[in-house]
Amino acid sequence: MLLGALLVREDETGRRVGRIVETEAYAGPEDLASHARFTSRARNAVMSGRPGIAYVYLVYGMYDCLNVVTGPPGRASAVLIRAVEPLEGVATMRDSRRRVGRRRRERSYPDGRCRHATSRPVPDRHLARGPGLVGACFGVDRSWTGTDLCDPASVLRLEADPRADDRPFAVTEGPRVGVRYAGLEWAGRPWRFAIDGHPSVSRAR
DNA sequence: TTTCCGATCCCCT
DNA sequence: GGGGATCGGAAAA
């Protein structure tokens with residue numbers, strides 16, 4: 001169970017901590033929504049390896065999404081971390097996030113300023129509200145694939161929340177996001193999990 | 001409020 | 001050659 005656990009990055013860039021509030025499960029090769037369905041080993045070989053290892057992929061040519069390999073070796077499966085509640089290193093997250101999509105903003109606003117006075121800064125609790133944003137906030141890209149997230153010595157790792165007793169939560173489940181291509185049988189499975197009512201959970205689109 | 005679009009690039013078919 | 005485990009801003013309503 002990853003919900004409620006802490007995602008930690010600690011190195012010369014500082015210490016960033018986020019509490020996992022939303023995940024999605026991807027089963028083995030038979031799951032038509034999972035990257036494990038591809039026969040090619042190049043991209044997803046790590047998914048068949050030891051659990052607890054990071055699998056990071058690029059979506060839409062722009063966003064890196066962080067997964068945790070979950071199945072026993074030989075059975076490719078993973079959990080996508082879809083959203084995190086920023087707890088520590090918020091300024092670093094915001095700065096790291098700003099770099100992603102910068103080129104696009106420069107194209108939209110060549111003069112370097114936003115035209116709309118109504119646009120407000122993103123609140124802290126929404127910094128990592130989505131899988132692409134989790135990768136952006138933690139500065140994780142595909143080169144991080146293979147990192148052992150369960151090794152306490154890793155720069156990027158998972159930790160139990162020492163304050164878990166103070167933060168009880170209920171879990172909601174629903175269909176996974178953005179996998180309509182997989183067909184009803186797989187797209188309809190309620191394999192998206194979130195902390196009920198948490199403001200850092202990604203919005204339905 | 002909801003819907004739509006472009007950005008950007010890697011991998012599979 | 002084509003579309004995707006996304007996102008933010010603009011247009012539509």
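Right above here is the structure, for reference.
A brief look at the structure comes next.

What counts and how
- Residues numbered from 1 in each chain as written.
- Chains lettered and ligands numbered in written order.
- Predicted model: local features only at pLDDT ≥ 70, side-chain atom pairs only at ≥ 80, totals over all residues.
- Heavy atoms only, no water.
- Patch = residues over 30% accessible without salt bridge, like charges linked within 9 Å, V, L, I, M, F, W, Y side chains within 5 Å.
- Areas by Shrake-Rupley, 256 points an atom, 1.4 Å probe, with all protein chains shown as cover.
- Salt bridge = Lys/Arg side-chain N within 4 Å of Asp/Glu carboxyl O.
- Helix = DSSP H or I, 4+ residues; strand = E, 2+ residues; numbered from the N terminus.
- Buried < 20%, exposed > 50% of the residue type's maximum accessible area, 1.4 Å probe, protein only.
- Axes fitted to C-alpha atoms, helices over the stretch in contact; angles between N-to-C directions.
- Parallel < 35°, antiparallel > 145°, perpendicular 65-115°, else oblique.
- Left-handed = near helix turned anticlockwise from the far one by under 90°.
- Contact = heavy atoms within 4.5 Å.
- Nonpolar A, V, L, I, M, F, W, Y, C, P; charged D, E, K, R; others polar.
- Arc of directions from axis to C-beta.
- Near = heavy atom within 4 Å.
- Polar contact = N/O pair within 3.5 Å; in protein donor to acceptor, adjacent residues only side chain to side chain.

## Notes on a nonpolar patch on the surface
- There is a patch of nonpolar side chains on the surface, built from Met1, Phe169 and Val171 and spanning about 320 Å² of accessible area.
- Checked against the element boundaries, methionine 1 lands in the segment before strand 1 (6-11).
- Methionine 1 sits in the exposed class, given a relative accessible area of 78%.

## Things to note about the packing of helix 2 (residues 90-99) against helix 4 (residues 131-138)
- Remark: helix 2 packs on helix 4, axes separated minimally by 6 Å, with the N-to-C direction vectors making an angle of 110°. What the angle tells us is that helix 2 and helix 4 run roughly perpendicular. Handedness of the crossing formed by helix 2 with helix 4: right-handed. Residues Met93, Ser96 and Arg97 of helix 2 touch helix 4, and the partners they reach there are Leu133, Ala136, Cys137 and Phe138.
- Tallied by class, the residues present in the contact of helix 2 with helix 4 amount to five nonpolar, one polar and one charged.

## Overview of unusual backbone geometry
- Despite not being glycine, tyrosine 60 shows a phi value in the positive range, around 50°.
- The topology assignment puts tyrosine 60 in the loop between strand 3 (54-59) and strand 4 (63-69).

## Let's talk about helix 2
- When helix 2 is considered as a whole, its buried residues turn out to be Val90, Met93, Ser96 and Arg97. One face of helix 2 carries all of its buried residues, which in axial projection span an arc of 125°. Looking at helix 2, the residues exposed on the side facing more than 90 degrees away from the buried face are Ala91 and Arg99.
- Along its buried surface, helix 2 packs onto strand 2 (14-26), strand 5 (78-88) and helix 4.

## What about the protein's contact with DNA strand C?
- Of all residues adjacent to DNA strand C, which total 25 residues, the nearest are Tyr57, Asn67, Gly178, Tyr181 and Arg205.
- For DNA strand C, the fraction of atoms within 4 Å of the protein that belong to sugar or phosphate moieties is 52%.
- Interatomic distance of 3.5 Å between a side-chain N/O atom of tyrosine 26 and a sugar or linking oxygen of DNA strand C.
- Arginine 97 places a polar side-chain atom, nitrogen or oxygen, 3.2 Å from a phosphate oxygen of DNA strand C.
- Mapped by element, the contributors of at least two residues to the surface near DNA strand C are strand 3, strand 4, strand 5 and helix 4.
- Looking at side-chain class alone, the surface near DNA strand C contains 13 nonpolar, seven polar and five charged residues.

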